[in-house]
Amino acid sequence: MKLMLDVSDLIDRVLDRLADTVGWLFILTTIVIAFDVITRKVGYQMPGMGSTKLQELEWHLHTALFSFWLGAAYIHNSHVRIDIAYINSKPRTIVFAEFLGCLFFAIPYCLLALYFSADFTWEAWVDNEASPSSNGLPFRWIPKGCLTAGLLLLFAGVISVLMRSIVYLFGDPGLRERATPAVVADKVEASS
């Protein structure tokens, strides 16, 4: 069980480091958006860098940001969650619900979405897909590849939370505090 917790910790560190590194794209995205807005307002467009390319670059950057933060968002319980069903439940009940959710919903969803996303990316690569706009960006496989990578990172996050849940529910009580998933840790912090 300790090995399972060590692997979960490693996955969490990798997801956090990746999210922190990719987070710098937020500054680049802000610069691109500001530049696009200012040049459209002033009426000046740099040759070869029209508003269409800038707007497409914006959504490419947004795609990368969203995708590479998915895994970290899941392990930190920063995703949208409707937990009204167990709002007053004991921590063990909440972790059991998380365990079942990972096993029967999140893992099958990730595997199915990864299958289709990888195909989506592969077709864009093989067809050398580009923007349908004549003055848009080429290499449409890059943002599609980011979606595939993001689903892979989400899958890693789900595996990490699943392992923590297993250790919390079935492991040594001495490891329980270290194994506590964020869904319970957040609730304990909020109540104190």
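See the structure shown above.
Read on for a plain summary of the structure. All figures in this text were calculated on a predicted structure; none of them were measured in a lab.

### Considering the overall build of the protein
Counting its regular elements, the protein contains seven helices and zero strands. The C-alpha atoms of the protein give a radius of gyration of 21 Å, which is well past the 16 Å a tight globule of 192 residues would have. The dimensions of the protein, computed from C-alpha atoms along their principal axes, are 65 × 40 × 30 Å. A burial count over the protein gives 39% of its 192 residues as buried. In the protein, of all internal contacts separated by at least 6 residues, the share reaching a separation of at least 24 is 78%. Accessible surface computed for the protein: about 11,500 Å², of which carbon and sulfur atoms make up 70%. Each charge class in the protein can be summarised by its mean position, and for the 15 positive and 18 negative side chains these summaries are 4 Å apart.

### Focus: helix H2 (residues 25-42)
For an α-helix, 3.6 residues make a turn, and residues three or four places apart therefore share a direction. Between its terminal C-alpha atoms H2 stretches 25 Å, which fits the 26 Å expected from 18 residues at 1.5 Å a residue. Regarding H2, the residues found buried are Thr29, Val32, Asp36 and Thr39. Seen along its axis, H2 keeps its buried residues to an arc of 110 degrees; they face one direction. The exposed set on the far side of H2, more than 90 degrees from its buried face, consists of Ile31, Ile38, Lys41 and Val42. Of the surrounding elements, those touching the buried residues of H2 are helix H3 (51-75). Positive phi shows up at Gly43, right after H2, with a value of about 90 degrees.

Cut-off values and rules
- Residues numbered from 1 in each chain as written.
- Predicted model: local features only at pLDDT ≥ 70, side-chain atom pairs only at ≥ 80, totals over all residues.
- Heavy atoms only, no water.
- Helix = DSSP H or I, 4+ residues; strand = E, 2+ residues; numbered from the N terminus.
- Rg over C-alpha atoms; globule rule 2.2 N^0.38 Å.
- Buried < 20%, exposed > 50% of the residue type's maximum accessible area, 1.4 Å probe, protein only.
- Contact = heavy atoms within 4.5 Å.
- Areas by Shrake-Rupley, 256 points an atom, 1.4 Å probe, with all protein chains shown as cover.
- Lys, Arg positive; Asp, Glu negative; His and termini not counted.
- Charge placed at Lys NZ, Arg CZ, Asp CG, Glu CD.
- Expected span 1.5 Å × (residues − 1).
- Arc of directions from axis to C-beta.

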